[in-house]
Amino acid sequence: MGITAVVNPGRVRLLKDGARTDGPVLYWMSRDQRTHDNWALLYAQELAIERGKPLAVLFCLVPSFLDATARQYIFMLKGLEDVERSLLSKNIPLFCAVGMPEETIPHFIMEHNISILVTDFDPLKIKREWKNAVAKRIGVPFQEVDAHNIVPCWVASERQDFAARTFRPKINRRLTEFLTEFPKLKKHPHQWKKKRKQTAWGHLAKTLAVDRAVSEIDWIKPGEGDARRVLRTFLTKKLEDYDTARNDPTVDGQSHLSPYLHFGHMSAQRVVLEVIKSTINQEQKTSFLEELIIRRELSDNFCFYNDAYDTPEGFPTWARTTLFEHARDEREYIYSLEQFESAATHDPLWNAAQTEMVTKGKMHGYMRMYWAKKILEWSKTPGEAFYTAVYLNDRYELDGRDPNGYVGCAWSIGGVHDRAWFQRPVFGKIRYMSYSGCKSKFDVAAYIHQVNSLQRR
Ligand code: FAD
Ligand code: FO1
């Protein structure tokens, strides 16, 4: 396995060894769809330079992905068009192959006599399945780089952590080693053999057979450049009030970085490095970094080590027990998926949160907790509630289909990474949230009004 000066070897895992051949290096880009601050790309370039070979990047565009609709696919494709341009300026071609990875990747490796395959890390089962299928069909070495987490997932912890309390010290003691500045991507010194035409991204967007009933989003623009602009705005205008503002959905106090982090247009490590450099006082930074480093990387830990992350079986035992004990409790209201999806409950606050997600593609973080917990309260069973929450989250959220989403729903409904609270009907010991609780924290009427005015635009 190539040990490179640039990338900490702790970030690299050998998925499969293979015969040493003499062709170019390929980075199969999937989770971290960016040119800058991308450890997988930097590692692949180091290997190619060591061998005096060209470097290419391949994105495998699959026809469907975990209930993603046109909303997410079009955001992603525009981001990839941006990546193609910036890679070209570094003498690195980006290819986009449509189809399943176990077909397109081995085909590309054969066609271009690729000698090493590098890819980025993703704990989701669908990605592990893709990589296992590809590994069975290729003969070259296949390496994986965690370009998403600051502390590589398998380094941070060797098992599932049940709370932030046990995970936080494991991360903090490795930050000195892994929270480093990024080297610059070099202009690649070895030319890819033949000129290639740009990918017809617009044509791809038009011909994708995805559900177009969920509208595109225009208030946030995809790509690395816009991600940097959103980060700049957050650092200069919002970070200093983040700790209080983040729990008030009537205030635009969140960073709006999640779509960029989800599609990898922005590195979380870059965000942290910029936050640390900013002159804002420490406790404002602390609460943001707790979310961005600890909570986010804890989500990867959960999905990496618990294969039941997308089912109620992934809930901790205490939560499964208490939810079972209260399974027969009288539900004051029961709604179907269709009623939830069309924001047709009795609760105007819940309906506003659902409407914000459908209209904007990004529900406020505080409302996501209330939204999911009410689905538990008004569903026939906890299992049905979990599947409803994940389905709606992944269909409408721009940042959906992400470890944070599975954990967000499982925390709200199944007590993942939370502790037991005092018992009540339906919830048992799962933490409860109420309309009156929201009223005591923020101006509910103003939030509802704000969301309804979104619709009229
Ligand atoms: P900010 O408050 O600015 O936070 C910055 C970053 O910190 C976020 O982008 C995210 O990477 C991280 N972060 C913040 N809060 C959390 C958290 N609770 N858990 C993990 N990481 C966090 N996040 C997603 O990325 N995708 C989802 O599909 C998703 N679904 C959720 C569903 C439910 C029911 C709940 C309770 C939470 C969910 N979250 C999800 C977590 C969180 O709500 C979002 O990450 C956040 O609202 C994104 O907006 P932001 O980037 O402006 O957040
Ligand atoms: N990753 C890919 O490698 N190929 C795809 O075609 C693809 C589509 C896609 C659509 C929506 C979405 O939210 C994510 C998508 N991803 C795709 C995965 C994404 O890059 C992230 O890696 C994971 O979703 C986050 O873990």
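Above this note sits the structure.
Quick look at the structure, then.

### Notes on the overall build of the protein chain
What the protein chain contains, in helices and strands, is 21 helices and six strands. Computed over C-alpha atoms, the radius of gyration of the protein chain comes to 22 Å, within 12% of the 23 Å expected from 2.2 N^0.38 for 457 residues, which places it in the range of a compact globule. In terms of its C-alpha atoms, the protein chain occupies a principal-axis envelope of roughly 65 × 45 × 45 Å. Considering only contacts in the protein chain between residues 6 or more positions apart, those separated by 24 or more positions represent 80%. Here the protein chain has roughly 19000 Å² of accessible surface; of this, 54% comes from carbon and sulfur atoms. Each charge class in the protein chain can be summarised by its mean position, and for the 65 positive and 57 negative side chains these summaries are 4 Å apart.

### A closer look at the sheet that holds strand S5 (residues 116–120)
Ordered by their spatial adjacency, six strands build an open sheet running S1-S6-S5-S2-S3-S4, and the pairing between neighbours is mixed. Each edge of the sheet is formed by a strand with only one pairing partner; in this case those strands are strand S1 (12–16) and strand S4 (94–98). Shown here is a sheet whose adjacent strand axes are inclined to one another by a mean of 30°, direction ignored. Bridge count for S1 against strand S6 (residues 142–145) is four bridges, and the pairing is antiparallel. Across the sheet, the residue bridging to Lys 16 is Phe 142, located in S6. Strands in contact with helix H3 (residues 101–111) are strand S2 (25–29), strand S3 (55–61), S4 and S5; relative to S3, the strand with the most contacts, it is inclined by about 160°. Of the strands in this sheet, S1, S2, S5 and S6 are in contact with helix H4 (residues 125–136), which crosses S6 at around 160°.

### Quick notes on the site of ligand 1
Contacts to ligand 1 come from 26 residues, most closely from Tyr 242, Ser 255, His 256, Asn 393 and Asp 399. Backbone polar atom of Ser 258 to an oxygen atom of ligand 1: 2.9 Å apart, as the coordinates give it. Between ligand 1 and the protein, one listed contact pairs a nitrogen atom with a backbone N or O atom of Asp 399 at 2.8 Å. Surface burial for ligand 1 is 93%, taken as the share of its 820 Å² of free accessible area covered by protein chains. Elements with a contribution of two residues or more to the shell around ligand 1: helix H11 (258–262), helix H13 (282–305), helix H17 (365–377) and helix H19 (403–414). The element contributing the most residues to the shell around ligand 1 is H13, with six residues. Here the shell around ligand 1 is built from residues that sort into eight nonpolar, twelve polar and six charged. Counting only domains with at least three residues in the shell around ligand 1, you end up with domain 2 (154–182 + 216–306) and domain 3 (312–456).

Rules behind the numbers
Residues numbered from 1 in each chain as written. Chains lettered and ligands numbered in written order. Predicted model: local features only at pLDDT ≥ 70, side-chain atom pairs only at ≥ 80, totals over all residues. Heavy atoms only, no water. Helix = DSSP H or I, 4+ residues; strand = E, 2+ residues; numbered from the N terminus. Rg over C-alpha atoms; globule rule 2.2 N^0.38 Å. Contact = heavy atoms within 4.5 Å. Areas by Shrake-Rupley, 256 points an atom, 1.4 Å probe, with all protein chains shown as cover. Lys, Arg positive; Asp, Glu negative; His and termini not counted. Charge placed at Lys NZ, Arg CZ, Asp CG, Glu CD. Pairing = 2+ DSSP bridges. Axes fitted to C-alpha atoms, helices over the stretch in contact; angles between N-to-C directions. Near = heavy atom within 4 Å. Polar contact = N/O pair within 3.5 Å; in protein donor to acceptor, adjacent residues only side chain to side chain. Nonpolar A, V, L, I, M, F, W, Y, C, P; charged D, E, K, R; others polar. Domains from an automatic or database assignment.

Everything listed here is a matter of coordinates, which is why it stays silent on function.
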